[in-house]
Amino acid sequence: MYYTYILISESTDRLYIGHTENLERRLEEHNSDKKSTFTNKKGPWKIVFRKEFEIRGEAMKFENYLKC
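Numbers given to residues run from 1 along each chain, matching the order in which its sequence is written. Predicted model: local features are reported for residues with pLDDT of at least 70 only, side-chain atom pairs are reported and counted for 80 or more only, and whole-chain, interface and lining totals are derived from all residues. To get the side-chain values, take all heavy atoms of the structure and skip hydrogens and water.

**A few points about the overall build of the chain**
Reasoning step 1: Counting from the N terminus, the helices are the DSSP runs of H or I reaching at least four residues and the strands are the DSSP runs of E reaching at least two. On a plain count of helices and strands, the chain comes out with two helices and three strands.
Reasoning step 2: At 11 Å, the chain has a C-alpha radius of gyration in line with the 11 Å of a compact globule built from 68 residues.
Reasoning step 3: Projecting the C-alpha coordinates of the chain onto the three principal axes gives extents of approximately 30 × 25 × 20 Å.
Reasoning step 4: Three labels apply to residues, based on accessible area from a 1.4 Å probe with only protein chains included: buried if under 20% of the type maximum, exposed if over 50%, partly exposed otherwise in between. Taken across its 68 residues, the chain has 31% of its residues classed as buried.
Reasoning step 5: In this description, contact between two residues means that some pair of their heavy atoms is separated by no more than 4.5 Å. Once local pairs closer than 6 in sequence are excluded, the contacts in the chain between residues at least 24 apart make up 53%.
Reasoning step 6: Areas reported as accessible are Shrake-Rupley estimates using a 1.4 Å probe. Residue values count occlusion only from the protein chains shown. Roughly 4,700 Å² of accessible area belongs to the chain as shown, and the carbon and sulfur atoms make up 48% of that amount. C-alpha atoms define the radius of gyration, and 2.2 Å times the number of residues to the power 0.38 defines the globule rule.

**Things to note about the sheet that holds strand 3 (residues 45-53)**
Reasoning step 1: A pair of strands is treated as paired once DSSP finds two or more bridges between them. In space, the three strands of this open sheet follow the order 2-1-3, with antiparallel pairing throughout. This sheet does not close on itself; its edge strands, each paired only once, are strand 2 (15-20) and strand 3. For this sheet, the mean angle separating the axes of adjacent strands, direction not counted, is 20 degrees.
Reasoning step 2: With eight bridges connecting them, strand 1 (residues 2-9) and strand 3 associate as antiparallel partners. Its bridge partner lying in strand 3, Y2 is registered against F53. Only the stretch in contact is used when fitting a helix axis, every axis being a line fitted to C-alpha atoms; angles between N-to-C directions are given from 0 to 180 degrees.

**A word on the pairing of strand 2**
Reasoning step 1: Relative to strand 2, strand 1 runs antiparallel, the two being bridged by six bridges. In the strand pairing of strand 2, I6 is matched with I17.
Reasoning step 2: Counted along the chain from strand 1 to the antiparallel partner strand 2, the turn is five residues long, and its residue D13 has a positive phi close to 65 degrees.

**Quick look at the pattern of salt bridges**
Reasoning step 1: Only one rule defines a salt bridge in this text: a Lys or Arg side-chain nitrogen within 4 Å of an Asp or Glu carboxyl oxygen. Within this structure, the stated rule accounts for three salt bridges.
Reasoning step 2: Close ionic contact of R25 with E29 constitutes a salt bridge, the shortest N to O distance being 2.8 Å. Here R25 and its partner E29 are both found in helix 1 (residues 23-32), four residues apart, which amounts to about one turn of the helix.
Reasoning step 3: Under the relative-accessibility criterion, E29 is labelled buried at 13%.
Reasoning step 4: Ionic pairing is found between E29 and R26, a salt bridge with its closest N-O pair at 3.0 Å. Residue E29 and its partner R26 are both found in helix 1; the two are separated by three residues, about one turn of the helix. For the pair E29 and R26, one class covers both residues: buried.
Reasoning step 5: Shared partners join several salt bridges into a network, and the residues in it are R25, R26 and E29.

Right under this line is the structure:
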């Protein structure tokens, strides 16, 4: 399964929209400042929305829709 998700920074109230196959691992990466320069040092982050998809392309399309 694939997920499109929205995170909110508890320190800055900024939103982050992304997609992933492993939502728990991805949240850990955002909170550890290792993988994303956008979320680096702006956390802690928490999930405020998630939607599940069977196909990665569908998750990517929905991510792009949310970003527009």
